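Letter by letter, the chains look like this.
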Amino acid sequence: MARPLTEHIRHDRTPLDLPAYERTGGYQALRKALAEHAPADVTEIVKSSRLQGRGGAGFFTGMKWSFVPMGPDAPRPKYFICNADEMEPGTFKDRYLMEGNPHQLLEGMILGAYAIEAETGYLFLRAEYHRCAEILAQALADARRAGYLGINILGSGFDHDIHLHTSAGRYICGEETALLNALEGRRAIPRAKPPFPPVVGLFGKPTIVNNVETLCNIPHIIRNGADWFRSLAPGEEAGTKLYGASGRVNLPGLWELPLGTPLREIIEGHAGGMQKGHRFRGVIPGGASTDFLVEEHLELPLDFKSVAQAGSRLGTGTMIVLDDRTCPVGMVLNLERFFARESCGWCTPCRDGLPWVEKILQAIENGHGREDDLDLLRHHARMLGPGRTFCAFAPGAVEPLQSALKYFEDDFRRHLQGRGCPYRHSPAAATA
Amino acid sequence: MLSPAEQAALDAELPHYPARRALCIEALKIVQHHRGWISDEALRDVALALGMTPHEVDSVATFYNLLYRRPVGRHVLHLCDSVSCWVMGCDGICDHFRNRLGISFGETTPDGRFTLLPIPCLGDCDHAPSLMAGNRIHGNLTPEKLDRLLDELD
């Protein structure tokens, strides 16, 4: 089974330095692109590879790039940004890719910049990833010295440099327009769309923002071709995916697998099944802002389309497992507390609605819930849904809530009837 | 005024951005690195250096959770309380902080040694529960492991 993104990452995760990366064929894609392909051809190859964004939204990468104005009359400078603000709860895949093989990411960024003819790149890294910052700073310096970055890259006439920007916290920075505001030194509040960043982005110029895992795919696509990439996955969608699992499983971790690997294979196979004394009850498949899947979904292929058809989202592909000894109400309370805290505060429904949701859930968990609370929660889930708030933050926040009310309604009722949490072993109950 | 060391760190970043105010977050991080936290005076210094008003700088300083607008202890411990760490028992680690040091989230020990703050997911979910102390992440936390870590930090 092909694992292009991770096959060279060492077990102890010491990073591949430049010579080691070059020995794996590293920077051959860049040499090939600069020598053989016009920028628009690179975009075309990525388009026909059907690569979809691995940050969670699943938008087609090549299509995104094709929205950038090209040619001599295009606004300048243009920017190419890597979104390395990995902060989706339960997600730890980009960190692995950056620590293990930093040049793979840089080569993907340079190829992307070439495709849209961007002069300047930024690698927007979350502040807490100190080890990544050290590794990437070293990799950038080595790439510059080797002529992969800077003026007239490999004699091609293409100029590009990448700056490492370490952030200062806040989950919302991962939203691409909030990220642009953070890079401009402002509060990280999302921007109104349209205009979209490929046309009006950083400092008002055309800008592409792509996730780390997305960009790590680019060198392999350019080197091996779009057909090869599409053949990596069994279904309609293309490539591999870094899947992860955490929670009460035997072997929490990360695995690069064909996009569309069934849920059961990941939980029972790669994650080693549930810990002794714990039974599977459900999973949020792609980070905190995705709807629960339950036992009936175990055969589901985890690709963007299938997970959407099952009423959830593939998201980041790193799942958090709910077991039968952990309180689902407590878990949703934890999630909504996170979202209430991280709301940027810009629009009223999100700023005021999410703390309201948190308070209701806390009351239910503490045994002070009221009979009409479940309807009230459902009302909030609708009122904070798509189209009613300024950005996708609140709709994401209510995804686990609305699906918990659907799949675990009995648990909510038991809290109301028994005046409190029936899970003696629930982490929340331990501190109540 | 920024100190010479702060000014030098800021000047090193300046060529990477087309606008001076884009350095606001970077400047605040630099000042915090040298002074421990961002006082009103530090805000004014950054504002002066970037040609912004102190209020503009404060709107940024109050937004980002790793910029401290209040004094913090010598060691700021960021305990992840996101969902994977919660499932794996971070509340028990919180209890241990309360029992051993008498502090909860947002509080500093009276001797000024430790501040405890919550942090969104540290990307260490396969080793939950997890915390960040300085530049290091410590995973698979147990009360015993936390005791050893606290003993190591002076």
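*Asks:* Could you give me a rundown of the domain arrangement of chain A, with the residues and numbers involved?
*Replies:* Residue and element names in this part refer to chain A. Along its sequence, chain A is organised into domain 1 (18-230), domain 2 (240-323) and domain 3 (328-430). For domain 2 and domain 3, the distance between their C-alpha centres works out to 22 Å. The partner domain 3 presents 16 residues to the 14 residues of domain 2 that form the contact. At the boundary of domain 2 with domain 3, total buried surface from both sides reaches about 1,200 Å², with 65% on carbon and sulfur atoms. Between the two partners, domain 2 and domain 3, sit 2 salt bridges.

*Asks:* Provide a residue-level description of unusual backbone geometry, including the pertinent values.
*Replies:* In this structure, Pro195 of chain A follows Pro194 of chain A across a cis peptide bond, with omega equal to 5°. By the element assignment, Pro195 of chain A lies in the loop between helix H8 (176-183) and strand E4 (207-211). A cis amide bond links Ala128 of chain B to the next residue, Pro129 of chain B, at an omega of -5°. Topologically, Pro129 of chain B is positioned in the loop between strand E3 (114-119) and strand E4 (131-133).

*Asks:* Outline the side chain of Ser82 of chain B, listing residues and values.
*Replies:* Relative to the helices and strands, Ser82 of chain B is located in the loop between strand E1 (75-80) and helix H5 (83-87). At 2.9 Å, the side chain of Ser82 of chain B forms a polar contact with the backbone nitrogen of Cys121 of chain B. Leaving out residues up to four positions away in the same chain, Ser82 of chain B has contacts with Pro89, Asn334 and Phe338 of chain A together with Ile119, Pro120 and Cys121 of chain B.

*Asks:* How would you summarise the sheet that holds strand E2 (residues 120-125) of chain A if you had to cite specific residues and measurements?
*Replies:* Residues and elements named next belong to chain A. Here 4 strands make up an open sheet; going across it, the order is E3-E2-E1-E4 and the pairing parallel. Because the sheet does not close on itself, it has two edges, and the strands there are strand E3 (161-166) and E4. Neighbouring strand axes in the sheet, compared pairwise and without regard to direction, differ in orientation by 20° on average. Pairing of strand E1 (residues 79-84) with E2, which is carried by 6 bridges, proceeds in the parallel orientation. The partner of Ala84 across the bridge, within E2, is Leu125.

*Asks:* Go over the environment of His37 of chain A, please, and point to the residues and values.
*Replies:* All names here are of chain A. Relative to the helices and strands, His37 is located in the loop between helix H2 (28-36) and helix H3 (39-49). Counting along the chain gives 27 residues from His37 to Lys64, while the straight-line C-alpha distance between them is 19 Å. When near neighbours in sequence (up to four residues on either side) are disregarded, His37 contacts Lys32, Val42, Ile45 and Tyr114.

*Asks:* Account for the environment of Ser343 of chain A, with residues named and values stated.
*Replies:* Residues and elements named next belong to chain A. You can see Ser343 is positioned in the loop between helix H13 (328-342) and helix H14 (348-366). By relative accessible area, Ser343 is classed as buried at 9%. Taking the C-alpha atoms as reference, Ser343 lies 27 Å from Gln52; in sequence the two are 291 residues apart. Excluding residues within four positions of it along the chain, Ser343 makes contact with Arg170, Cys350, Arg351, Leu354 and Phe393.

*Asks:* Break down the interface of chain A and chain B for me, with residues and values.
*Replies:* Listed as interface residues are 56 residues of chain A and, on the opposing side, 41 residues of chain B. Across the chain A to chain B interface the summed buried area is about 4,000 Å²; carbon plus sulfur atoms make up 58%. The three residues of chain A that bury the most area against chain B are Glu128, Ala168 and Arg187 of chain A, which together make up 15% of that side's buried surface. A salt bridge links Asp124 of chain B to Arg95 of chain A; the nearest nitrogen and oxygen atoms lie 3.5 Å apart. In this structure, the connection of chain A to chain B is made through 20 residue pairs in polar contact (both at pLDDT 80 or more). Of all the secondary structure elements, the ones that give two or more residues to the side of chain A that touches chain B are E3, H8, strand E5 (240-247), strand E9 (318-323), H13 and helix H19 (427-431) of chain A. With 7 residues, the top contributor of residues to the side of chain A that touches chain B is H13 of chain A.

Conventions and cut-offs
- Residues numbered from 1 in each chain as written.
- Chains lettered and ligands numbered in written order.
- Predicted model: local features only at pLDDT ≥ 70, side-chain atom pairs only at ≥ 80, totals over all residues.
- Heavy atoms only, no water.
- Domains from an automatic or database assignment.
- Contact = heavy atoms within 4.5 Å.
- Buried area = accessible area lost by both parts, 1.4 Å probe.
- Salt bridge = Lys/Arg side-chain N within 4 Å of Asp/Glu carboxyl O.
- Helix = DSSP H or I, 4+ residues; strand = E, 2+ residues; numbered from the N terminus.
- Polar contact = N/O pair within 3.5 Å; in protein donor to acceptor, adjacent residues only side chain to side chain.
- Pairing = 2+ DSSP bridges.
- Axes fitted to C-alpha atoms, helices over the stretch in contact; angles between N-to-C directions.
- Buried < 20%, exposed > 50% of the residue type's maximum accessible area, 1.4 Å probe, protein only.

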